[in-house]
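Results of the structural survey
What follows is each chain in one-letter form.
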Amino acid sequence: MAVHRKVYRFRIEPTQTQAEALLRMAGARRFVWNWGLARRKEAYAATGKGLTYNQQATELTALKKKPETAWLKGVDSQLLQQALKDLDRAYQAFFSKRARFPRFKSKKRDEPRFRIPQRVKVEDSKVYVPKVGWVRIRQSQPIDCRIKGATFKRDGEGHWYVSLTAEFEMPDVPLPPANPERVVGIDLGLKDFAVLSDGTRIAPPKFYRRAMKKLRKAQRELSRKQKGGKNRDKARERLNRVHTKVRNQRQDWLHKLTTGLVQKYDGLCIEDLNLKGMAKTKLSTSVLDAALGEFRRQLEYKSIWYRKHLVVIDPYFPSSKLCRECGTIHTALTLSDRVWTCRCGAVHDRDLNAARNIRAEGIRRIPVAVGHTETQNAWGENVRPTNGRQFSLNQESHRL
C-alpha cells in the first residue's frame, strides 16, 4: 500500500476569546523562532559552530522556567517545538542552497500562524486546538483520513483558517487501462487558458487583470499614509483584502476546472512548459495571472487520487508546428500565426493542432483498455506521423 497525503482547508469561526488565544499562540511561535535564530547567531559568533535542534529544544525547556518567559507554559509545547523544527529546516534549506538565510519575523509583517503536529481533531464541525479547546469551523466536506498535523493561519482579511494534513493509503498497483476515446490532450496558453483536443476552449479568467484598478487604488492609498500610523495599517488591510479575494477566486476556479477534467477523462496529456522562463518575458503578468504551474500541480495530485493517467510531454516536442496529416514540421511558424497551412494542403488551428499532437504523443504511453486499438485516436488518425523518418529529422532540426 502506498501512503499519500491530502490537505483539508476550512475557515475557523472563533469567539473573541478564542481569537485572542489563537493570536497569542501565533505570537509565541514568532517569539520562539526569533529567540532560536538569535541563539544560533550568538553561538556561531562565539564558537564558530551552530546549534542543533536537540540543543535548542533543551534550552527551550530552561527558557520556559525563567520568570520573564514563564508565559510560554500557557502555550502548547508541541507548537513551540515545531517552531524550532521549522527553523532547523530553514537552516538546512539555506546550506543546501534552496533558500536564503533565515530572517527574524516582524510582528507587523509576518502573518499570524502556527503549526501543531499532533492532538488536533475534528468532530461535529468543530476543531480541537490544544490549550484553546473546541472551535467552530465551516466544514465543507467530511474528513475520512488520519489527521497528521494542522496549520492555523490568519489571512489578510483577518479570517482564521486551519489546514489539516491527512494521510490515506492506496493500493500500489498499476493504473487501470484507459479508453482512448476518454484521453484528452491539453494545450495551455494565454489567449486561451487551455484548448482541449476535443475542440473545447477554456477562456482565461484574468482575475488579477480585472482587479488591477482596485489594486492600484489601494496601493496608492497605502503609499500616501504615514509610516507607523494606524491609518497605514488600515490601508494595508484594505490592500490585503483585494489580494486575498483575487487569490481565492483563482484557487476556486482552478480547483473546479481540474476536478472536472480528472473526473471526466481517463487520461490527460499536457506539455512540460518552461514557466520560469515564460515568467521572465514581457508577458510575465499574464503568465503569473494564469497560474499554469498551479494548474499542473493540481492535476498531478488529483490524478493520483482518482487513479487516472497523467502524461507530461517533453518540452522539445513540436506540438504546434507538427502537421497531423503528413508529419511535416513547419519551422517558420511564429507566435502570431494562429492558423497555418501545411504544404500538403492541411489547414491547422495552432492551439487545437497542438492539443491533438500532445494527445497523440501521450496516448502512446498509456495502457489501452481491451477492445480498443492503441494506434488510433478519437478522430481516426494515426497516432504517429505517417512519415516517421521525416518527423525524426525535423524534430532534431527543431531542437537545434
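The coordinates are above.
It should be emphasised that the depicted structure is a prediction, and the values quoted were computed from it without experimental measurement.

The rules we used
Residues numbered from 1 in each chain as written. Predicted model: local features only at pLDDT ≥ 70, side-chain atom pairs only at ≥ 80, totals over all residues. Heavy atoms only, no water. Helix = DSSP H or I, 4+ residues; strand = E, 2+ residues; numbered from the N terminus. Buried < 20%, exposed > 50% of the residue type's maximum accessible area, 1.4 Å probe, protein only. Contact = heavy atoms within 4.5 Å. Areas by Shrake-Rupley, 256 points an atom, 1.4 Å probe, with all protein chains shown as cover. Lys, Arg positive; Asp, Glu negative; His and termini not counted. Charge placed at Lys NZ, Arg CZ, Asp CG, Glu CD. Phe/Tyr/Trp six-rings, centres within 6.5 Å; stacked < 30°, edge-to-face > 60°. Lys NZ or Arg CZ within 6 Å of the ring centre and 35° of its normal. Pairing = 2+ DSSP bridges. Axes fitted to C-alpha atoms, helices over the stretch in contact; angles between N-to-C directions. Polar contact = N/O pair within 3.5 Å; in protein donor to acceptor, adjacent residues only side chain to side chain. Parallel < 35°, antiparallel > 145°, perpendicular 65-115°, else oblique. Left-handed = near helix turned anticlockwise from the far one by under 90°. Nonpolar A, V, L, I, M, F, W, Y, C, P; charged D, E, K, R; others polar. Salt bridge = Lys/Arg side-chain N within 4 Å of Asp/Glu carboxyl O. Patch = residues over 30% accessible without salt bridge, like charges linked within 9 Å, V, L, I, M, F, W, Y side chains within 5 Å.

1. Here we look at the overall build of the protein chain
- For the protein chain, the helix and strand inventory stands at 11 helices and 14 strands.
- By its C-alpha atoms, the protein chain is 85 × 55 × 50 Å across when sized along the principal axes.
- Residues counted as buried form 42% of the 400 residues belonging to the protein chain.
- For the protein chain, the share of sequence-separated contacts (at least 6 apart) that also reach a separation of at least 24 residues comes to 68%.
- For the protein chain, the computed accessible surface area is about 22,800 Å², with 49% contributed by carbon and sulfur atoms.
- Across the protein chain, the 82 positively charged side chains and the 41 negatively charged ones have centroids separated by 8 Å.

2. What to know about the packing of aromatic side chains
- Following the criterion strictly, the structure yields 13 aromatic pairs and no others.
- Taken together, a centroid distance of 5.4 Å and an interplanar angle of 65 degrees make the contact between phenylalanine 31 and tryptophan 71 edge-to-face. With phenylalanine 31 in helix H1 (residues 16–47) and tryptophan 71 in the loop between helix H2 (53–63) and helix H3 (77–95), the pair connects residues that are 40 residues apart, well separated along the chain.
- You can call tryptophan 71 partly exposed: its relative accessible area is 42%.
- An aromatic cluster is defined as three or more aromatic residues linked by ring pairs; in this entry it consists of Tyr91, Phe94, Phe95 and Phe101.
- Sitting over the ring of tyrosine 91, arginine 40 keeps its end group 4.6 Å from the ring centre.

3. As for the sheet that holds strand E3 (residues 121–123)
- The strand order across the open sheet formed by seven strands is E2-E6-E7-E1-E5-E4-E3, and the pairing between neighbours is antiparallel. Looking along the sheet, the strands with just one partner apiece sit at the ends: strand E2 (113–116) and E3. On average, each strand axis in the sheet is inclined to that of its neighbour by 35 degrees, with strand direction left out of account.
- Where strand E6 (residues 146–154) and strand E7 (residues 160–170) come together, eight bridges link them in antiparallel fashion.

4. A word on the pairing of strand E4 (residues 126–129)
- Residues Val127 and Val129 point to one face of E4 and are all buried, whereas Lys126 and Tyr128, pointing to the other face, are not buried.
- Pairing of E3 with E4 involves three bridges; the strand directions are antiparallel. Its bridge partner lying in E4, valine 122 is registered against valine 127.
- Hairpin connection of E3 to E4: two residues between the antiparallel strands, including aspartate 124 at a positive phi of 50 degrees.
- Sheet analysis places E4 next to strand E5 (residues 133–138), joined by four bridges and oriented antiparallel. The residue bridging tyrosine 128 from the neighbouring strand is tryptophan 134, located in E5.

5. A word on the side chain of glutamate 294
- Its location among the elements puts glutamate 294 in helix H9 (residues 292–305).
- A distance of 2.8 Å separates polar atoms of two side chains, one belonging to glutamate 294 and the other to arginine 297.
- A distance of 2.9 Å separates the side chain of glutamate 294 from the side chain of glutamine 298, its partner in a polar contact.

6. Here's the deal with the packing of helix H6 (residues 230–264) against H9
- With their axes 10 Å apart at the nearest point, H6 and H9 run at an angle of 45 degrees to one another. Between H6 and H9, the interaxial angle falls into the category oblique. Here H6 runs over H9; the crossing is right-handed. Contact residues: Gln251, Leu254, His255, Leu257, Thr258, Thr259, Leu261 and Val262 in H6; Glu294, Phe295, Gln298, Leu299, Tyr301, Lys302 and Ser303 in H9.
- Residues belonging to the contact of H6 with H9 are distributed by class as follows: seven nonpolar, six polar and two charged.

7. Quick look at the pattern of salt bridges
- Across all of its chains, the model carries 24 salt bridges by this definition.
- With its nearest N and O atoms 3.3 Å apart, the salt bridge here joins arginine 5 to glutamate 167. Separated by 162 residues along the polypeptide, arginine 5 in strand E1 (residues 2–13) and glutamate 167 in strand E7 bring together distant segments of the chain.
- A residue is classified by how much of its surface remains accessible, and arginine 5, at 55% relative accessible area, is exposed.
- Through salt bridges with shared partners, a single ionic network connects Lys191, Asp192, Arg201 and Asp349.

8. Considerations on the pairing of E6
- Direction of pairing for E2 relative to E6: antiparallel, over a ladder of four bridges. Along E6, the bridge assignment pairs isoleucine 116 with alanine 150.

9. A closer look at a positive patch on the surface
- Together, Lys206, Arg209, Arg210 and Arg216 make up a region of like positive charge exposed at the surface.
- Position of arginine 209 relative to the elements: it lies in helix H4 (residues 207–210).
- The class of arginine 209 is partly exposed, set by a relative accessible area of 38%.

10. Here's the deal with unusual backbone geometry
- Look at lysine 97: it is not a glycine, yet its phi comes out positive at around 65 degrees.
- The residue lysine 97 is located in the loop between H3 and E2 in this model.
- Positive phi, close to 65 degrees, is recorded for arginine 119, a residue that is not glycine.
- Among the structural elements, arginine 119 can be located in the loop between E2 and E3.
- The class for arginine 119 is partly exposed, based on a relative accessible area of 42%.

11. As for the sheet that holds strand E8 (residues 183–188)
- The strand order across the open sheet formed by five strands is E10-E9-E8-E11-E12, and the pairing between neighbours is mixed. Sheet topology places strand E10 (201–202) and strand E12 (309–313) at the edges, where each strand pairs with a single neighbour.

Limitation: the analysis is restricted to geometry and does not speak to function.
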